[in-house]
Structures are given as C-alpha cells and as structure tokens.
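Reading the structure
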Amino acid sequence: MTRNRLSQKASSFTESVIREMTRLAQKHGAVNLSQGFPDFAAPLSIKQAACDAILADINQYAVTWGAKPLREAIAADFTARHGVPVVPDEQITVCCGSTEAMMATMMAIVDPGDEVIVFEPYYENYGPDAILSGATPRFVRLREPGPGRPDWHYDSEELAAAFSNRTRAIIINTPNNPTGKIFRRSELEEIAALCRKWDAIAVTDEIYDHILYDGETHVAMASLEGMRERTVTISGISKSYSLTGWRVGYALAPPPLTAAIRKVHDFLTVGAPAPLQEAAAEAVSFPEEYYSRLADDYRQRRDYLVPELERAGFGVFRPHGAYYVMTDISGFGFSDDVTFARHLVSEIGVAAVPGSSFYSQPAAGRQRLRFHFARKRETLETAVERLQRLRDRAPAS
Ligand SMILES: Cc1ncc(COP(=O)(O)O)c(C=O)c1O
C-alpha cells in the first residue's frame, strides 16, 4: 500500500490563493482582477520574432544560463539605464520566469537556519520560496499610508532590529506588488547600509520597473554604492511586454553568486524556452517610447479604476507603480476578506485576492482586498458595472 506521506516542506504552505481565485473566476464566469496578467495583446514584433525563431529551427536547448543575444541585451539595457557595467557571460542567468530566478537564487545563497527578511504585505511566492530553500522568513511590516505619511513605509528601528548575524538576505520588491509602493533612494540606501553592516545580500525583484506613475523613477539597488557585489536583481519579460505565459526571466548577480545560481538553475529546469529567448532579446532592446507608452496606458487604467472603486464603497490605497490596487473593505461589513472575496466572485462576478494572503499574520489583511488592472478598458468597465451592485447586496458573512 502506498503511504501518502508528504514532505514537511510541502505541507507547510498552502496552494496559491491567487491562482485559486483565477480558477474560481473561470468557474463563475467572473471578471478576473485577481491574478496579475494582461488580457490584451503582446507586441506584434515580439510574437513575430518568436515565430521566426521557431521556423529557423531554434528549437533545441539554449545554453543553460541563457541564449547569448538575450544575455547581451539584458546587460546592455541594465548598463544604459543604471550606469552599472554587467558582463553577460559572468553575471546573467536566464530562467523560466523571474519565479524560477528567485527560487534558484534562494536555493543558491541560503542554508537551513539562515534568516531572510521579507517586507509584508508581500508577493505570495516569497513565503514558499523561503520555506523550500530552508530559510526562516523574518517579516518587516510596511505600514499603510496615513495622515502625514502619504506612502506605504517601514519603521527604521523595526527594520534595523530584524537584521542580525543570522540574516543572509533581504527581499525587496520595487515597484511593489501588492501595495504599488516605490522604494525611494533614501530607503534603499538605508537598507543597503544594513546589508553592508550585516554582510547580507539584497535580492531585488524589479519586474515592474517600467510601470511607474506620477513622474516616479526606479532606482536599482545594484546601482547604489557598494551594492553591486551584494545584489541579485531579479526581473523578466512577463510584465513589461505582456508575456506572462512565455516564462522568461533572469537573475543578474556578481560572478560568484551567478556561478551558484546557474548550478541550481541547471538542475531545476535546464533552461528557458530557446525560441522565446531569441524573441525576448528583441523585446529588451525596445526604444524608450515603448516604455513610456506602456506606463501611460497603465496610468490611464489606474486613473479609471481607482475612483470607480471608491464610488463602489472601497477605501483605496492609490498605487505609484506596478498594476495592483490594495483596498479597504471595512465599509461593506463583512467578517473577513476571504468571505468577501468569495461573495464577490460568485454573487457579483468579479475576482480579486483576499488581503490576508499577503501577510504572515492573516489578521493584518482581514479587511483588505487586492485588485489588478492589467485589463482592457472594456473589461474594467464590465467589472466596475458589476461592482456598483455591491451596495445593493446584504453581507453574506
Ligand atoms: C512581484 C512579482 N514578482 C514576480 C512575479 C512573477 O513573474 P514571472 O512571470 O517572471 O515568473 C510576479 C507575478 O505576478 C510578481 O508580482
């Protein structure tokens, strides 16, 4: 008889709440504003480049750590934007999405018992990433905007107290999912000083670096003094080119860390899809106008959705970057976020993510709900129309 024993690691986290909401959206025919992926087309020239690569028979394994044209394009782009020299042969590992890049990085740098600092609310993958790599996550709370503090912010003393000689790394996601926060240069410098003091590595997830609003700018941690040798920059093509299904991402790191990341990556997946890497090289070389247009299109979606959410009764934390909006649902009188999210998907026809899934202590997110707005205008309009019905319904809690 088979003993269905599961590993302690696999038993210690739940299935992704975000992906579950997507499945529920499909089941109920709801507008899916939960899992962050676009419902509009990716740029034609990149799709054409992928077809060309397949027809040219670039269909076998690429070099394990990434096709040369793509690594060269990533290096040139990073240097041009942040003034940091990058050697593509020694510092870049192309992975199956930034998801794999993050996991390969964690497995390459962490030993059981090491602590990894994570700001919360956090992108839900970071929790299981820590568990699977054997790290003990140490959470530092991003506090909500309030009177006198218009942005999400951390407490400097709490952050400093989280570091110790057990700290191996800190994960920073800027622009941030789910809050839309952009870490300022001064904040990154404070974090950098702590990394240098405690000999910790900064792992920065910068996948939304092109989606910024209101004149905000993106500061790369690796560009700060003394950080090039202790930063792993994680990014990918999913968000900037609307290609979440292609699974192409990368880790950019100093050579000794890259060597370890490449070993882990090789045995995890061997490599990312070869023809898609060829096409991704073209995407990463797009001119500046492409990115300003991308950011402006998202700004318009944000500027449409935010006031409509407020009109429907949500409290809204206005995002400065990325394509998510965190909301306060306390005006609706539901006992908790999961009950509310289930009501929303099954009765109203809109899927969103319960706020508790972004916190280590679920209580912190019980009256919070996250929407994303990587949707066509007409999709958002349908969602908004449905959300107005919320006011007429009695709480189902
Ligand atoms: C902060 C953050 N990092 C990484 C990812 C996943 O990126 P990829 O598609 O490159 O694996 C997401 C997707 O939602 C995200 O929000």
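About the thresholds
Throughout, a residue's number is its position along its own chain's written sequence, starting from 1. Where totals are concerned, whole chains, interfaces and linings use all residues; where local detail is concerned, this predicted model gives features only for residues with pLDDT of at least 70, and gives and counts side-chain atom pairs only at 80 or more. Here the side-chain values reflect all heavy atoms present in the structure, with hydrogen atoms and water set aside. Secondary structure elements are defined from DSSP: runs of H or I of at least 4 residues count as helices, runs of E of at least 2 residues count as strands, and each element is numbered from the N terminus. For each residue, the test is whether any non-hydrogen atom lies within 4 Å of the molecule or strand; if one does, the residue is near. Polar contact is the term for a pair of N or O atoms within 3.5 Å; when the atoms are in protein, one must be able to donate a hydrogen and the other to accept it, and sequence-neighboring residues count only if both atoms are side-chain atoms. In this classification, the charged set is Asp, Glu, Lys and Arg, the nonpolar set is Ala, Val, Leu, Ile, Met, Phe, Trp, Tyr, Cys and Pro, and all remaining amino acids, among them Gly, are polar. To estimate the expected span of a helix, count its residues, drop one, and scale the result by 1.5 Å. DSSP bridges decide pairing: two strands pair if at least two such bridges lie between them. Residue contacts follow a heavy-atom distance rule, with two residues in contact if any of their heavy atoms lie within 4.5 Å. Here, axes are lines fitted to C-alpha atoms. For helices the fit covers the stretch in contact, and angles between N-to-C directions go from 0 to 180 degrees. The rule is simple: take the accessible area with a 1.4 Å probe, protein chains only, and divide by the maximum for that residue type; under 20% is buried, over 50% is exposed, in between is partly exposed. Here, nonpolar core means buried Ala, Val, Leu, Ile, Met, Phe, Trp, Tyr and Cys residues that are tied together by side-chain atoms lying within 4.5 Å of each other. One side-chain nitrogen of Lys or Arg within 4 Å of one carboxyl oxygen of Asp or Glu is enough to make a salt bridge. A pair of Phe, Tyr and Trp rings is counted when the ring centres sit within 6.5 Å of each other, with Trp represented by its six-membered ring. The angle between the planes then sorts it: under 30 degrees is stacked, over 60 is edge-to-face, the rest tilted. A ring has a charge above it when a Lys NZ or an Arg CZ is no more than 6 Å from the ring centre and no more than 35 degrees off the ring normal.

Now for unusual backbone geometry. A cis amide bond links Thr174 with the next residue in sequence, Pro175, at an omega value of -15 degrees. Residue placement: Pro175 occurs in the loop between strand E5 (167-173) and helix H9 (185-198). Of note, the bond from Asn177 into Pro178 is cis; its omega dihedral lies within 30 degrees of zero at 15 degrees. Of note, Pro178 is situated in the loop between E5 and H9. Positive phi outside glycine occurs at Asp199, with the angle close to 55 degrees. For Asp199, the location among the structural elements is in the loop between H9 and strand E6 (201-205).

What follows concerns the site of the ligand. Around the ligand, the surrounding shell holds 14 residues, and the nearest of these are Thr99, Asp205, Tyr208, Ser238 and Arg247. Within the side chain of Tyr208, a nitrogen or oxygen atom sits 2.7 Å from an oxygen atom of the ligand. Between the ligand and Arg247, the relevant distance is 2.7 Å, taken from an oxygen atom to a side-chain nitrogen or oxygen of the residue. Each residue belonging to the shell around the ligand can be placed in one class, and the counts come to five nonpolar, six polar and three charged.

In this model, helix H12 (residues 288-312) (25 residues) spans 37 Å end to end at C-alpha, consistent with the 36 Å of a helix rising 1.5 Å per residue. Positioned one or two residues after H12, Gly313 has a phi angle of 110 degrees, which is positive.

So, about the sheet that holds strand E9 (residues 315-317). Each strand in a sheet pairs with its neighbour through backbone hydrogen bonds, running either in the same direction (parallel) or in the opposite one (antiparallel). Sheet architecture is open: four strands sit in the order E9-E10-E13-E12, paired in antiparallel fashion. At either margin of the open sheet sits one strand with a lone partner, and together these are E9 and strand E12 (353-354). Pairing of E12 with strand E13 (residues 368-372), which is carried by two bridges, proceeds in the antiparallel orientation. Counterpart to Pro354 in the pairing with E13 is Leu369. Contacts from H12 reach E9, strand E10 (324-328) and E13 within the one sheet, and its direction differs from that of E10 by about 15 degrees.

Our next topic: helix H6 (residues 97-109). Between its terminal C-alpha atoms H6 stretches 19 Å, which fits the 18 Å expected from 13 residues at 1.5 Å a residue. Most of H6 sits out of view: 10 of its 13 residues are buried. Those residues of H6 lying buried are Gly97, Ser98, Glu100, Ala101, Met102, Met103, Ala104, Thr105, Met106 and Ile109.

Ranked by internal contacts, the top residues of the largest apolar core, which has 75 residues, are Tyr241, Phe314, Leu344 and Phe371. One finds Phe163, Ala200, Val219 and Tyr359 within the second-largest nonpolar core, a separate group that totals 29 residues.

Counting across every chain of the model gives 26 salt bridges. With its nearest N and O atoms 3.2 Å apart, the salt bridge here joins Glu120 to Arg141. Within this pair, whereas Glu120 is found in strand E3 (residues 115-120), its partner Arg141 is found in strand E4 (residues 136-141), the two being separated by 21 residues in sequence. When salt bridges that share partners are traced, they join Asp214, Asp296, Arg299, Arg302, Asp303 and Arg318 into one network.

What follows deals with the packing of aromatic side chains. In this structure the tally under the stated criterion is 20 aromatic pairs. Three or more aromatic residues joined by ring pairs form one cluster here, namely Phe40, Tyr208, Tyr298, Tyr323 and Tyr324. We note Lys181 situated over the ring of Phe183; from NZ or CZ to the ring centre the distance is 4.8 Å. Above the plane of the ring of Tyr304 lies Arg377, whose end atom (NZ or CZ) is 3.9 Å from the centre.

Attention shifts here to the sheet that holds E5. Spatially, seven strands are ordered E2-E8-E7-E6-E5-E3-E4 in an open sheet, and the strand pairing comes out mixed. Two strands bound the open sheet, and with one partner strand each, they are strand E2 (92-95) and E4. Taken pair by pair, the neighbouring strands of this sheet meet at an average axis angle of 20 degrees, ignoring direction. The sheet contact formed by E5 and E6 spans five bridges and is parallel. By the bridge assignment for E6, Ala169 is matched with Ile201.

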